[in-house]
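Here is how the chains run, residue by residue.
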Amino acid sequence: MIFGRRQRRVIDPERMVPREAARERLNMALTRDRTEVAPGTLDPFKARVVDAAMNYFDLAPGGIDLGLADDPMTGALSLVLYIPVKSFKRGLKEKS
Amino acid sequence: MGECIVITSGKGGVGKTTATGNIGSSLAMNGRKVALIDADIGLRNLDVILGLENRIVYDLVDVVEGFCRLKQALVRDKRMDNLYLLPAAQTRDKSAVSPQQMKKLCNELKGEFDYIIIDCPAGIEQGFRNAIAGADRALVITTPEVSAVRDADRIVGLLEAAGKKSPGLVLNRVRPGMVERGDMLDITDVTDILAVELVGIIPEDEKVIVSTNRGEPLAFSHSSRAAMAYRNIARRLMGETVPFQQLRAPGVMPALRRWLVG
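As the structure is a prediction and not an experimental result, all values here were calculated from the model.

J.: How do you make sense of the overall build of chain B when you look at a structure like this?
T.: Tallying secondary structure elements over chain B gives 12 helices and eight strands in all. Counting the 262 residues in chain B, one finds 58% classified as buried. Within chain B, residue pairs in contact and separated by at least 24 positions form 75% of the contacts whose partners lie at least 6 positions apart. For chain B, the accessible area works out to roughly 11,700 Å², and carbon and sulfur atoms hold 49% of it.

In structure tokens, the structure reads:
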């Protein structure tokens, strides 16, 4: 995981055959090499998403995180947004 | 009009120079007129692989600086009169030549030769930029190791950024026994990750070292599987459809394992 709250799939190299371990390490290295996405570059995007979310939700205090993470179920790289929500805003149906 | 192909890798020691010598020799064996350019200025080795180190009078830098004509610098191979080498300078560095000069040189050679094969130096700096400047297409060579494949991925990205679309991939030094035991990246692992067209698979072969030390390209050998792989790559470059060799680990135990596991 580059940053964020979700934990990356835990890989125990001892339990993998060397070929699998090599492929996994290579994939992780290339995922980072091929992207220009870094915490700094995601910040402006994060602000826009939070602004949009505030139209629909009252946000709970706490950290807002946006980052890249491995999906623990599929292993696929995912863009993960963590926004703690206190409640839904009233009148949402009427507005839309 | 000939075709100019650069052989590159990013990482050093994966077999660029050996591949250049052997693919060039194989193309010449098929009757094509071939010029090999050693673009590794300051660290030339293609002349040694071909056994032509004692025949060099002028070099690439002499040509671009106008000290001699192109034909004077081209060294004809000992075995085939349709194979030529343009050696690199040994006492200069990569900055002695510019990409524009390389492009002009390649265009000049394309009028005379069917294939121009450029041996690219390791790295992504000036030497790399010079080597790819005049190339119509690129072959990226890698071994099935994490570090080499990672560098190959970077090179593929740089080639695409430079407008060299669809580079071909050559996988070198494959050890079928290690792949079968799960100790080495498989061919599909590498091709899936790099997502470029596979042009050749070269098995690990001790004879490569012997031939390199003798100054006789392995491509002339009829008993080596690596030699056959190089000849097959040359045929694919000429547009033929050639199936890939089935790589099997030698010995009784791997054969028994295959028979039991299926």
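J.: Looking at this structure, I do not really get the pairing of strand S7 (residues 168–174) of chain B. What am I missing?
T.: Remember that side chains alternate between the two faces of the sheet whenever the strand is regular. Residues and elements named next belong to chain B. For S7, the tally of buried residues reaches six of seven residues, placing the bulk of the element in the interior. Relative to S7, strand S6 (residues 137–142) runs parallel, the two sharing four bridges. Residue pairing for S7: Val140 is matched across the bridge by Leu169. Taking the sense of rotation as the criterion, the β-α-β connection linking S6, helix H7 (residues 146–161) and S7 turns out right-handed. Across five bridges, the pairing between S7 and strand S8 (residues 197–203) is parallel. Each residue of the ladder has a partner; that of Gly168, found in S8, is Glu197.

J.: Explain the nonpolar core to me, please; I cannot follow it from the model alone.
T.: Soluble globular proteins tend to bury their nonpolar side chains together. Val6(B), Ile37(B), Leu86(B), Leu105(B), Leu109(B), Ile116(B) and Ile118(B) are the most contacted members of the largest nonpolar core, which totals 56 residues. Counting residues in hydrophobic clusters, the runner-up holds 35 residues, among them Ala19(B), Leu27(B), Ile202(B) and Leu218(B).

J.: Explanation requested: unusual backbone geometry in the structure shown.
T.: Backbone geometry follows two general trends: most residues other than glycine have a negative phi, and most peptide bonds adopt the trans configuration. All names here are of chain B. One non-glycine residue, Arg173, lies in the positive phi region at around 60°. Residue Arg173 is classed as partly exposed on the basis of its relative accessible area, which comes to 36%. A positive phi angle, near 55°, is found at Ala195, a position not held by glycine.

J.: Help me understand the side chain of Thr17(B), please; the structure alone is not making it clear to me.
T.: Residues and elements named next belong to chain B. With respect to the helices and strands, the residue Thr17 is situated in helix H1 (residues 16–29). Given the relative accessible area of 17%, Thr17 is considered buried. A polar side-chain atom of Thr17 sits 2.8 Å from a polar atom in the side chain of Asp119. Those residues within four positions of Thr17 in sequence are excluded, and the remaining contacts are Asn45, Leu46, Ile49 and Asp119.

J.: How should the sheet that holds strand S5 (residues 115–119) of chain B be read in this particular structure?
T.: Pairing between the strands of a sheet is mediated by backbone hydrogen bonds and can be parallel or antiparallel. Residues and elements named next belong to chain B. Spatially, eight strands are ordered S3-S4-S2-S5-S1-S6-S7-S8 in an open sheet, and the strand pairing comes out mixed. Every other strand in the sheet has two partners, leaving strand S3 (75–76) and S8 as the edge strands with one partner each. Across the sheet, H1 touches strand S1 (3–8), strand S2 (34–38), strand S4 (83–86), S5 and S6, and the angle it forms with S5 is around 170°. Running at roughly 160° to S8, helix H11 (residues 225–237) makes contact with S1, S5, S6, S7 and S8 of the sheet.

J.: I tried to follow the interface of chain B and chain A on my own but got confused; where do I start?
T.: You'll often see interface size given as the accessible area lost when the parts meet. Contacts between the two partners involve 12 residues from chain B, matched on the other side by 11 residues from chain A. For the pair chain B and chain A, the two sides together bury roughly 1,100 Å², of which 60% comes from carbon and sulfur. It is Val146(B), Arg150(B) and Ile193(B) in chain B that bury the most area against chain A; as a group they hold 45% of the surface buried on that side. Counting every contact that joins chain B to chain A gives five salt bridges. A salt bridge links Arg150(B) to Asp33(A); the nearest nitrogen and oxygen atoms lie 2.6 Å apart. Joining chain B to chain A, the criterion identifies six residue pairs in polar contact (both at pLDDT 80 or more). Listing elements by their share of the side of chain B that touches chain A, those giving two or more residues are H7 and helix H9 (187–194) of chain B. The greatest single-element share of the side of chain B that touches chain A, amounting to four residues, is contributed by H7(B).

The rules behind the values
- All residue numbers refer to positions counted from 1 along the written sequence of the respective chain.
- Here every chain gets a letter starting at A, and every ligand a number starting at 1, in the order they are written.
- Local features in this predicted model are restricted to residues whose pLDDT is 70 or higher, and side-chain atom pairs enter the listing and the counts only when it is 80 or higher, whereas totals over whole chains, interfaces and linings include all residues.
- The basis for the side-chain values is all heavy atoms of the structure; hydrogens and waters are excluded.
- Starting at the N terminus, helices and strands are each numbered in turn, a helix being any DSSP run of H or I of at least four residues and a strand any DSSP run of E of at least two.
- Buried, partly exposed and exposed residues are distinguished by accessible area as a fraction of the type maximum, computed with a 1.4 Å probe on protein chains only: under 20%, between the cut-offs, and over 50%, respectively.
- Any two residues whose heavy atoms approach within 4.5 Å at even a single point are treated as in contact.
- Calculation of accessible area relied on Shrake-Rupley with a 1.4 Å probe; when residues are assessed, cover is drawn exclusively from the protein chains displayed.
- At least two DSSP bridges between two strands are required for those strands to pair.
- For a crossover, the right-handed case is the one in which the path from the first strand over the helix to the second runs clockwise, viewed with the strands pointing away from the viewer.
- Residues belong to one nonpolar core when they are buried, are Ala, Val, Leu, Ile, Met, Phe, Trp, Tyr or Cys, and are joined through side-chain atoms within 4.5 Å.
- A 3.5 Å cut-off defines polar contacts: any pair of N or O atoms within that distance qualifies, except that in protein one atom must be a possible hydrogen donor and the other a possible acceptor, and neighbouring residues in sequence count only when both atoms are side-chain atoms.
- To get an axis, a line is fitted to the C-alpha atoms, and for a helix only the part in contact is used. The angle between two axes follows their N-to-C directions and goes from 0 to 180 degrees.
- For any pair of parts, buried area is found by adding up, for both, the accessible area (1.4 Å probe) each one loses once the two are put together.
- A pair is scored as a salt bridge if a Lys or Arg side-chain nitrogen falls within 4 Å of a carboxyl oxygen belonging to Asp or Glu.

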